[in-house]
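Coordinate analysis (summary)
Spelled out from the first residue to the last, the chains are:
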Amino acid sequence: MVDNEHIINAYNSKMSNEDFKRLSNYIFNELGIKMPIEKKIMLEGRLQKRLVELKHNNYNTYIDYVFSPEGSATELMNMIDVVTTNKTDFFRESAHFDFLYKEAVPEFVKTFGARQLKVWSAGCSSGEEPYTLTFVLSEAIQNQNLSDFAISATDISTRMLQKAYNGIYPEDRVAVVPLSLKKKYLLRSKDRASKNIRIVPELRKKISFSRLNFMDDYYSINENFDIIFCRNVLIYFEREVQEKVIQKLCSKLKLGGYFFLGHSESISNMKVPLQQIKPTIFKKV
């Protein structure tokens, strides 16, 4: 009965403007994500399950807990996972992958020969982007004389990184993957009742997953990349923050390397070492 009462209280609770301000200030300062007051209802909805699970009757006690020493060690990461946006798809903005296969890879092979191509999927969410890259680059090994590749995939959400690492997706998520690639790179579950598929182990091994916060002063990745995908992530940041993030990303991009942004993102009037090649495709200069 007590549990039922706490669940009812949690679902009936409303977040005060003061509590919203505490959370939104933290989200902006630590994650760089804008959270105007219009997002309060959305934030309430996303955090309701955490209140129920942790047996908090209201948002005030939950937020107090999140910022307590105990909560900072345990719940803070869950809160970050819940409030960050993680929309992605296989072959999202497919023109980028066409360019990678038809233009960027042949140029790389011609210039560097047998050297391994290094790619960073920055803001990889649940993994659809880096796995799409493995499909395309595996095809390039077979058809474009690419010798090898390695992909680093990062995200701020540990929950999304775990999903990405597992490489398991509902069948409807891979509907856009061409049949020829499905046959090569996707495995059906041995349980015939299951509607899930899994990326083949050879491709899962090509990706290293790690957590990274774009707001960190320094990105602790000890390598430089030939290609960086950072798509549909920066739209949640203030313009000034976007510029700083791109500058830090470019510090890990080799001269002449390619940088891909999302379709609604721009570097217009930014002081960054990038030259536009095509819409949302840039080269470091």
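Look up: the structure comes first, before these words.
The notes below deal with the structure included here. Given the structure is predicted, the values throughout are model-derived calculations rather than measurements. (Residues numbered from 1 in each chain as written. Predicted model: local features only at pLDDT ≥ 70, side-chain atom pairs only at ≥ 80, totals over all residues. Heavy atoms only, no water.)

It is worth spelling out the overall build of the protein at this point. Counting its secondary structure elements, the protein contains twelve helices and ten strands. Taking 2.2 N^0.38 as the reference for a compact globule, 285 residues should give roughly 19 Å; the C-alpha atoms of the protein span a radius of gyration of 21 Å, in line with that estimate. Scored against the burial criterion, the 285 residues of the protein give a buried share of 49%. Counting contacts in the protein only where the partners sit at least 6 residues apart, residues at least 24 apart contribute 73% of the total. Here the protein contributes 41 positive and 34 negative side-chain charges, whose respective centroids are spaced 6 Å apart. (Helix = DSSP H or I, 4+ residues; strand = E, 2+ residues; numbered from the N terminus. Rg over C-alpha atoms; globule rule 2.2 N^0.38 Å. Buried < 20%, exposed > 50% of the residue type's maximum accessible area, 1.4 Å probe, protein only. Contact = heavy atoms within 4.5 Å. Lys, Arg positive; Asp, Glu negative; His and termini not counted. Charge placed at Lys NZ, Arg CZ, Asp CG, Glu CD.)

A separate point is the pairing of strand β5 (residues 196–199). By the alternation rule, side chains of β5 split into Ile197 and Ile199, which are all buried, and Asn196 and Arg198, of which none is buried. Bridge count between strand β3 (residues 168–170) and β5: three bridges; the pairing is antiparallel. Across the sheet, Tyr169 pairs through a bridge with Ile197, a residue of β5. Summarising the sheet, strand β4 (residues 186–188) and β5 pair through three bridges and their orientation is antiparallel. Within β5, the residue paired with Arg188 across the bridge is Ile197. (Pairing = 2+ DSSP bridges.)

Pairing within the open sheet is antiparallel, and its three strands lie in the order β3-β5-β4. Of all the strands in the sheet, just β3 and β4 have a single pairing partner and so form its edges. Pairwise comparison of adjacent strand axes, ignoring direction, gives a mean angle of 35 degrees for this sheet. (Axes fitted to C-alpha atoms, helices over the stretch in contact; angles between N-to-C directions.)

It is worth spelling out the nonpolar core at this point. Counting 46 residues, the largest nonpolar core has Leu47, Phe214 and Phe259 as the members making the most contacts within it. Where this core is concerned, the elements lending two or more residues are α2 (17–31), α3 (40–53), α4 (59–66), α6 (76–83), β1 (117–122), β7 (225–230), α12 (239–250) and β8 (253–261). Setting aside residues no more than four positions away along its own chain, Leu47 makes contact with Met15, Leu23, Tyr59, Tyr62, Met79, Val82 and Val83. Ala153, Leu161, Tyr169 and Phe229 belong to the second-largest nonpolar core, a separate cluster that totals 41 residues. (Core = buried A, V, L, I, M, F, W, Y, C linked by side-chain atoms within 4.5 Å.)

Another aspect to go through is helix α7 (residues 95–112). Here α7 is 18 residues long and its end C-alpha atoms lie 24 Å apart, about the 26 Å a rise of 1.5 Å per residue gives. The largest bend in α7 amounts to roughly 35 degrees and is located at Tyr101. The complete set of buried residues in α7 reads His96, Phe97, Phe99, Leu100, Ala104, Val105, Phe108 and Val109. Residues of α7 that are buried in the fold lie against β1, α8 (128–143), β7, β8, β9 (274–278) and β10 (281–284). Gly113, located one to two residues past α7, shows a positive phi value of around 65 degrees. (Expected span 1.5 Å × (residues − 1). Bend = angle between axes of the 7 residues up to and from the residue.)

Side-chain pairs of opposite charge can arise whenever the charged atoms involved come near each other. Overall, the coordinates contain 17 salt bridges when judged by the stated rule. Lys283 is paired through a salt bridge with Glu107; the nearest N and O atoms lie 2.8 Å apart. Within this pair, whereas Lys283 is found in strand β10, its partner Glu107 is found in helix α7, the two being separated by 176 residues in sequence. Overall, the relative accessible area of 31% leaves Glu107 in the partly exposed class. Between Glu139 and Lys184 there is a salt bridge, with its nearest N and O atoms 2.9 Å apart. (Salt bridge = Lys/Arg side-chain N within 4 Å of Asp/Glu carboxyl O.)

Now for the packing of aromatic side chains. Considering all chains together, one arrives at 17 aromatic pairs under this definition. Here Phe90 and Tyr169 contribute two aromatic rings whose centre-to-centre distance is 5.1 Å and whose plane-to-plane angle is 80 degrees, an arrangement assigned as edge-to-face. Of this pair, Phe90 sits in the loop between α6 and α7 while Tyr169 sits in strand β3, and the two are 79 residues apart along the sequence. Like Tyr169, Phe90 is buried. Ring plane angle 35 degrees and centroid distance 5.3 Å describe the contact between Trp120 and Phe225, whose orientation is recorded as tilted. One end of the pair, Trp120, is in strand β1; the other, Phe225, is in strand β7, and 105 residues separate them in sequence. The burial state of Trp120 is the same as that of Phe225; both residues are buried. Members of the aromatic cluster, connected to one another through ring pairs, are Phe90, Phe91, Phe97, Phe99, Tyr131, Phe135, Tyr169, Tyr185, Phe209, Phe229, Tyr258 and Phe260. The residue whose ring lies beneath Arg115 is Phe112, and the NZ or CZ to ring-centre distance is 4.1 Å. The ring of Phe149 has Lys206 sitting right over it, with the charged end atom 4.9 Å from the ring centre. (Phe/Tyr/Trp six-rings, centres within 6.5 Å; stacked < 30°, edge-to-face > 60°. Lys NZ or Arg CZ within 6 Å of the ring centre and 35° of its normal.)

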